[in-house]
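Okay, here's what each chain looks like letter by letter:
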Amino acid sequence: MHLHNLFAHLEAHTGQEQLDTLLSRPGLKIERIVSTGQASPPGFWYEQEQGEWLVLLAGEAKLVFEDEASPRDLLPGDFVDIPPKCRHRVEWTDPEVATVWLAVYYE
């Protein structure tokens with residue numbers, strides 16, 4: 001077993017989100033996502049087959065759900081359980097500070 005740190009190897013502003021799979025097992029995937037100002041393209045909605053438990057570890061973000069009138073403002077420590085097929089999008093991430101997410105995808 002190797003010890004790793006969720007805040008290690010954060011890439012400088014590359015213009016792209018950084019995705020790192022930390023663990024993958026049948027029916028389960030844990031991923032670290034680092035955003036530096038990225039958001040979902042206009043009109044794009046995530047609609048995943050699996051559930052997603054998402055926690056914001058650093059930075060700030062706005063998450064929008066299709067069935068909600070206004071975005072959810074997320075700060076470090078905030079989490080949400082997104083059911084399968086729930087349409088959602090990332091409206092905004094902080095362009096000045098790395099926004100670090102931990103996403104747990106499950107069946």
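The structure displayed is predicted, hence computed values, not measured ones.

Conventions used here
Residues numbered from 1 in each chain as written. Predicted model: local features only at pLDDT ≥ 70, side-chain atom pairs only at ≥ 80, totals over all residues. Heavy atoms only, no water. Pairing = 2+ DSSP bridges. Helix = DSSP H or I, 4+ residues; strand = E, 2+ residues; numbered from the N terminus. Axes fitted to C-alpha atoms, helices over the stretch in contact; angles between N-to-C directions. 1 Å grid on protein atoms, 1.4 Å probe; cavity = no way out; pocket = protein on both sides within 12 Å on 5 of 7 lines; lining within 4 Å. Points joined across faces, edges and corners; volume = space filled by probe spheres on them. Nonpolar A, V, L, I, M, F, W, Y, C, P; charged D, E, K, R; others polar.

As a further point, take the sheet that holds strand 2 (residues 28–35). Paired through backbone hydrogen bonds, the strands of a sheet run either parallel or antiparallel to each other. With antiparallel pairing, the 5 strands of this open sheet are ordered in space as 1-2-8-3-6. Lying at the two open borders of the sheet, with one neighbouring strand each, are strand 1 (18–25) and strand 6 (79–82). Neighbour-to-neighbour, the strand axes of the sheet open up by a mean angle of 15 degrees, direction not taken into account. Looking at chain direction, strand 1 and strand 2 are connected through 7 bridges and run antiparallel. Within strand 2, the residue paired with Leu23 across the bridge is Ile30.

Quick look at the layout of surface pockets now. By volume, the largest pocket amounts to about 210 Å³. As for the largest pocket, its lining consists of 14 residues, of which Ile33, Tyr46, Glu52, Val90 and Tyr105 are closest to the centre. Where the lining of the largest pocket is concerned, the elements lending two or more residues are strand 2, strand 3 (51–58), strand 7 (88–93) and strand 8 (99–106). No other element matches strand 2, which puts 3 residues into the lining of the largest pocket. Size it by volume and the second largest pocket reaches roughly 160 Å³. Taken together, His4, Asn5, Leu6, Ala8, His9, Gln18, Asp20, Leu22 and Arg32 make up the lining of the second largest pocket. With 3 residues, strand 1 is the largest single contributor of residues to the lining of the second largest pocket. Along the lines of polarity and charge, the residues of the lining of the second largest pocket split into 3 nonpolar, 4 polar and 2 charged.

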